[in-house]
Amino acid sequence: MEARLLGSSGDKCCLSVLVKDNGIGISEEAQAGLFMMFEQADSSSSRKYGGTGLGLAISKRLITLMGGAITVASKEGVGSCFEITVELQAGSEGLPILDENKSLVCQTKFPGKKILIAEDIEINREIIAHLLSESGAILEFAHDGAEAVKKVLASPDAFDLVLMDIHMPIMDGFKATAEIRSQLSPTARQLPIVAMTADVFAEDIELCLEAGMDGHIGKPLDLSEVMGMLNKFL
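Residues numbered from 1 in each chain as written. Predicted model: local features only at pLDDT ≥ 70, side-chain atom pairs only at ≥ 80, totals over all residues. Heavy atoms only, no water.

(A) Examining the side chain of Asp144 more closely. Take Asp144: it is sitting in the loop between β6 (138-142) and α4 (145-154). Despite being buried, Asp144 has no salt bridge partner; Arg125 is the closest side chain of opposite charge, sitting 8.7 Å away. Among the polar contacts listed, one links the side chain of Asp144 to the backbone nitrogen of Ala146, at a separation of 3.0 Å. Setting aside its immediate chain neighbours within four residues, Asp144 contacts Met168, Pro169, Ile170 and Met171. (Helix = DSSP H or I, 4+ residues; strand = E, 2+ residues; numbered from the N terminus. Buried < 20%, exposed > 50% of the residue type's maximum accessible area, 1.4 Å probe, protein only. Lys, Arg positive; Asp, Glu negative; His and termini not counted. Salt bridge = Lys/Arg side-chain N within 4 Å of Asp/Glu carboxyl O. Polar contact = N/O pair within 3.5 Å; in protein donor to acceptor, adjacent residues only side chain to side chain. Contact = heavy atoms within 4.5 Å.)

What follows is the structure, given as structure tokens:
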């Protein structure tokens, strides 16, 4: 995915977002109905790829409501490129950070920042360690919620962020967050805690926020999403 600034005026900016793949591509004939509800590039009963044919139709509807447009360029056997253009109003923090090529960027280096990662599955700990290996952040791990609570309460000022898995033995992420938030220490009560879970439906995210967490990252982990959260809280 690539996002580029097409222009800006005052507190408004026009963005172009490109989503590319090198998949099977879409024929010119199929492209004509691609954004129609329940239409699919391959409508045969033996098609290899699933789906209801609603995703792009819903995307187009949402983008149109935002005053934007979505287009596609594709070649069979080569891949597809979807482009979204939309005019947005900058928030209170101003326009997005841009590099010299006017592409959206976010910070990826957090030297000295200490992150506690509560995760009971070893392979998941290895994945997050790999994703953050070049961030400069100091990583410390807890193998369950109880251990995470113990580490935070032992030194509330030691951590800048907690990445909290939800489903863990001994104590799950919800209870661990509640334990941390119940402390008298202002630092513990205000410590950023971000859920890290495969539960990604809207109601799951709402449960995390209601439990006292400050954000949500879906599994499998995506580097851009992880970095987005680190930018927000670090």
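Next comes the rest of the write-up.
(B) Quick peek at the pairing of strand β9 (residues 215-218). Residues Gly215 and Ile217 line one face of β9 and the alternating positions His216 and Gly218 line the opposite face, and both faces are buried. Bridge count between strand β8 (residues 193-197) and β9: 4 bridges; the pairing is parallel. Of the residues in β9, the one forming a bridge with Met196 is Ile217. Taken together, β8, helix α7 (residues 202-210) and β9 form a β-α-β motif whose crossover is right-handed. (Pairing = 2+ DSSP bridges. Right-handed = clockwise from strand over helix to strand, strands pointing away.)

(C) The environment of Asn231, seen in detail. Relative to the helices and strands, Asn231 is located in helix α8 (residues 223-233). Residue classification places Asn231 among the partly exposed residues on the basis of a relative accessible area of 27%. Between the C-alpha atoms of Asn231 and Phe110, which are 121 residues apart in sequence, the distance is 8.8 Å. Only 2.8 Å separates the side chain of Asn231 from the backbone oxygen of Met227, close enough to count as a polar contact.

(D) A look at the confidence of the model for the protein chain. When pLDDT is averaged across the protein chain, the result is 82; 85% of the residues are at 70 or more. Note on residues 39-52: pLDDT is under 50 here. Beyond four places in sequence and across chains, it has 13 contacts. (pLDDT = per-residue confidence, 0-100.)

(E) Representation of the packing of α4 against helix α5 (residues 173-181) in the model. For the pair α4 and α5, the least separation of the axes is 8 Å and the interaxial angle reads 20°. Taken together, α4 and α5 sit at an angle that is classed as roughly parallel. Of the two elements, α4 crosses α5, and the hand of that crossing is right-handed. Contact with α4, carried on its side by Gly145, Val149 and Val152, involves Ala176, Glu179 and Ile180 of α5 and no other residues of that element. Across the contact of α4 with α5, the residue classes tally to 4 nonpolar, 1 polar and 1 charged. (Axes fitted to C-alpha atoms, helices over the stretch in contact; angles between N-to-C directions. Parallel < 35°, antiparallel > 145°, perpendicular 65-115°, else oblique. Left-handed = near helix turned anticlockwise from the far one by under 90°. Nonpolar A, V, L, I, M, F, W, Y, C, P; charged D, E, K, R; others polar.)

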